[in-house]
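Coordinate analysis (summary)
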Amino acid sequence: MGWLASVRSALHLQISGAQLAGLIRAGVYVVLGIVLARFTAAAVNRATRQMSAQERVLLRRLASYLVAGLFFASALREAGFRFDVLLGAAGIVTVAVGFASQTSASNMISGLFLMLERSIAIGDIINVSGTVGEVLSVDLLSTRLRTFDNLLVRIPNQTMVSTMITNYNRLPIRRFDLQVSVAYKEDLAGVEQALLEIADRNPLCLEDPAPLLIAMGFGESSINYQLSVWAKRENWLELRNRITREVKAGFDQLGIEIPFPHVSLYAGSVTDPFPVALANPAAGRAAAVPGGGPTPADASDRPQSQQDPA
Amino acid sequence: MSEATRQAQEADLQPWWGESPLPLGRLRAWRIGPYALWVRAEAREWRLWSAARGDSMAADLELATEPAGDAPADARLTRIGLVSVDPRLSLRPALADRDVVVRPDIPVLVPPGARIELYVTTPVWVVVRAGEGGPLLLDEPSHRLSDTWFGPDTLVGELAYAIRTASRLELAEVPRRPHRAITKLEVVNDGRDALPVDKLKVPVTGLAVYADASGGLWSDAVTLERRPQAGEAVASVSSGPGVNGVAAQRVAEPRVATGSRFTLNAFGRLFGA
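Calculation rules
- Residues numbered from 1 in each chain as written.
- Chains lettered and ligands numbered in written order.
- Predicted model: local features only at pLDDT ≥ 70, side-chain atom pairs only at ≥ 80, totals over all residues.
- Axes fitted to C-alpha atoms, helices over the stretch in contact; angles between N-to-C directions.
- Helix = DSSP H or I, 4+ residues; strand = E, 2+ residues; numbered from the N terminus.
- Parallel < 35°, antiparallel > 145°, perpendicular 65-115°, else oblique.
- Left-handed = near helix turned anticlockwise from the far one by under 90°.
- Contact = placed C-beta atoms within 7 Å.
- Nonpolar A, V, L, I, M, F, W, Y, C, P; charged D, E, K, R; others polar.
- Core = buried A, V, L, I, M, F, W, Y, C linked by C-beta atoms within 7 Å.
- Buried ≥ 20, exposed ≤ 12 C-beta atoms within 10 Å, placed from the backbone.
- Pairing = 2+ DSSP bridges.
- Domains from an automatic or database assignment.
- Expected span 1.5 Å × (residues − 1).
- Arc of directions from axis to C-beta.
- pLDDT = per-residue confidence, 0-100.

1. Here we look at the packing of helix α7 (residues 188–201) of chain A against helix α8 (residues 236–254) of chain A
Residue and element names in this part refer to chain A.
- Running from N to C, α7 and α8 cross one another at 135°; their axes reach a closest spacing of 10 Å. Our classification of the angle between α7 and α8 gives oblique. Regarding α7 and α8, the two cross each other, and that crossing is right-handed. Of α8, the residues touching α7 (which contributes A194, L195, I198 and A199) are I243, E246, V247, G250 and L254.
- By residue class, the composition of the contact of α7 with α8 is seven nonpolar, one polar and one charged.

The following block contains the structure:
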């Protein structure tokens, strides 16, 4: 064991040969523990292919942490740590650590609740307080999301448990509500028939649950409808785009007006509404350019609503 | 439908499936009802264009014709790369890749203790391979069916395709189309009250496809049986079209291998109640 003496003298350590051998064994245990923990994680990963991604991650971590923990404890023992002393001090340490890590402990417990509740899983698209993204992982302390603009969002598990989460992936079909406005002059029976036929023609739109048409009421500038159509979850976005395009095209073809917001000026019940007419478009354009102001003749042609009330 | 019309429809049919050689670098076109397909084999890749043409009941049939120009620009192009291309093309019909929910235009009422025979036609999928048993190149519906949900609510159920049909009770009334397979459905009502057949699920994924002598397509016959016990129904499949006088040859296997009596479950999962 001459080399041990050389190492001791080189490091100027006041430790015995047995202590040094113990430290070396501890080092070997640590390295072995890391290697075996990784091997165990890979083996668990292979053995749990039938499970969900969430369950696989949970089992993989539990197995690898267990193996690494056992080897780490063995390494501490080889290094000369006495566990009876550690356990004796554990009460004091627990109080100190407890005060220092209230938030972390809360997050860990919340993380366990999240995993047990299974309301979210890795790969789900969720909305947490307005942040929408794909769940990358549910760790002990936090849940990580990747937003659609590729930002990584870390949300503490405590927040995840206490806030409202919307999961877009959990159910196989989804509804899209299209708000449609039509002019007051339109024949509403024809409008309703046109909307339902458009939904009927679109193969992405589910026949059952059947499309639903709701008259939302009289708006300021239009009569408002809601066309609710269902689609397979994966087709939801495509249906949303297509049905909007098809309603616009269908209305254009049938001459159904989708009105812009507009205001009618009306003086009261005893007078007719103000007539509005564009008398001279060319003059109007001339007035819009610098130096092209209205002539007295233009002023006389202005609609009544733009003239002085007197 | 008159007998003359039916004979004319049958005369227009001919087998469009099977294997055919394809000259390298030359475009060939198929038209199977409303489904149009253009194929060109290159030295190291297959190019396939497909598109919908005409209405869903179109009866056109053109096989391996040489088109004047290129495939149309609006056709969907699929490229399949291979180390070397064996220029043989195989076309096969297959039934839909999800079960089909049939809604008769006018519901049929089956009295207790009675049975009826319905005939429905469903569009087939065109399965294209590089030679029989070769790599799969394309598996597309000859006519895109509408999606639907079949279940008691939006939480429980399954996705299916929807077909509205006349659900004819007379086989002679069923129109013959090159891209549609006829399925004979026998509905047996052993329940205590009348059974309205306004929606029923045909488990087409478990049915094989057959062809008769005139080139018409059929599927295995299906029996949907309502049991006397409340809420129970069973679906069973008979091998072959199940129609007297129809000698049919099996041309495609079911997509999902199941037993002949493969569904014993809730009544609502077959009849949509």
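2. Some words on the interface of chain B and chain A
- On the chain A side, the residues contacting the ten residues of chain B number eleven residues.
- Residue assignment for the side of chain B that touches chain A shows that the elements contributing at least two residues are β13 (146–150) and β14 (158–165) of chain B.
- With four residues, the single largest contributor to the side of chain B that touches chain A is β13(B).
- Residue composition of the side of chain B that touches chain A, grouped by class: five nonpolar, three polar and two charged.

3. Here we look at the packing of helix α2 (residues 17–47) of chain A against helix α3 (residues 53–78) of chain A
Residue and element names in this part refer to chain A.
- Running from N to C, α2 and α3 point in directions that differ by 170°, and their axes come no closer than 8 Å. By the criterion of interaxial angle, the relationship of α2 to α3 is roughly antiparallel.
- Residue classes in the contact of α2 with α3 are distributed as 16 nonpolar, six polar and five charged.

4. Description of the nonpolar core
- Ranked by size, the top nonpolar core spans 79 residues in total, and within it L195(A), C205(A) and V100(B) carry the most contacts.
- The leading source of residues in this core is strand β3 (residues 35–41) of chain B, at six residues.
- With residues near it in sequence (within four places) discarded, C205(A) still touches A199(A), P211(A), V229(A), W230(A), A231(A), L239(A) and I243(A).

5. Overview of the sheet that holds strand β2 (residues 131–138) of chain A
Residue and element names in this part refer to chain A.
- Taken in spatial order, the five strands line up as β4-β3-β2-β1-β5 in an open sheet, and their pairing is antiparallel. Two strands bound the open sheet, and with one partner strand each, they are β4 (152–156) and β5 (165–167). Adjacent strand axes in the sheet meet at a mean angle of 40° when their direction is disregarded.
- Pairing analysis gives five bridges linking β2 to strand β3 (residues 142–147), with the strands arranged antiparallel. Its bridge partner being in β3, V135 is matched across the sheet by L145.
- Docked against the sheet, helix α5 (residues 102–117) engages β2, β3 and β4, running at close to 95° with respect to β2.

6. A closer look at the domain arrangement of chain B
Residue and element names in this part refer to chain B.
- Domain parsing of chain B yields domain 1 (3–91) and domain 2 (94–271).
- Averaged C-alpha coordinates put domain 1 and domain 2 at centres separated by 26 Å.
- Contact residues are listed per partner, giving 31 residues for domain 1 and 25 residues for domain 2.
- Counting residues per element, the ones that place at least two in the side of domain 1 that touches domain 2 are α1 (3–12), β3, β4 (45–52), β6 (76–81) and β7 (88–94).
- Across the side of domain 1 that touches domain 2, the residue classes break down as 19 nonpolar, seven polar and five charged.

7. Focus on the sheet that holds strand β8 (residues 223–232) of chain A
Residues and elements named next belong to chain A.
- Spatial ordering of the open sheet is given by β6-β8-β7, a layout of three strands whose pairing is antiparallel. Unpaired on one side and paired on the other, β6 (173–182) and β7 (212–218) mark the two borders of the sheet. Averaged over neighbouring strand pairs, the angle between their axes works out to 20° when direction is ignored.
- As paired strands, β7 and β8 are joined by six bridges and run antiparallel to one another. Each residue of the ladder has a partner; that of L213, found in β8, is L227.
- Its contacts with the sheet place α7 against β6, β7 and β8, and it is angled at close to 15° to β8.
- Where α8 meets the sheet, its contacts fall on β6 and β8, and the angle it forms with β6 comes to roughly 20°.

8. Structural notes on α7(A)
Residues and elements named next belong to chain A.
- Taking 1.5 Å of rise per residue, 14 residues should cover 20 Å, and α7 covers 20 Å from first to last C-alpha, within 8% of that figure.
- Those residues of α7 not exposed but buried are V191, A194, L195, I198 and A199. The buried residues of α7 occupy one face: seen down the axis, they fall within an arc of 130°. The exposed set on the far side of α7, more than 90 degrees from its buried face, consists of A189 and R201.
- Taken together, the buried residues of α7 touch β6, β7, β8 and α8.

9. So, the confidence of the model for chain B
- Taken residue by residue, chain B gives an average pLDDT of 86. The fraction at 70 or more is 90%.
- The ipTM for the predicted assembly is 0.79, set against a pTM of 0.74.

10. Concerning α3(A)
Residues and elements named next belong to chain A.
- When the terminal C-alpha atoms of α3 are compared, their 37 Å separation across 26 residues agrees well with the 38 Å that a helix rising 1.5 Å per residue should span.
- Residues of α3 that are buried: V57, S64, V67, F71 and A75.
- Of the surrounding elements, those touching the buried residues of α3 are α2 and β2.
- Residue G80 follows α3 closely and has a positive phi angle near 105°.

11. Things to note about unusual backbone geometry
- Looking along the chain, the bond that leaves D208(A) and enters P209(A) is cis, with omega of 0°.
- Tracing the sequence through the fold places P209(A) in the loop between α7 and β7.
- Positive phi values are uncommon outside glycine, yet S129(A) reaches one of about 50°.
- Along the polypeptide, S129(A) turns up in the loop between β1 (125–128) and β2.
- When the 11 C-beta atoms within 10 Å are taken as the criterion, S129(A) is described as exposed.
- In this model, A64(B) sits at a positive phi of 50°, which is unusual for a non-glycine residue.
- With respect to the element layout, A64(B) can be found in strand β5 (residues 61–65).

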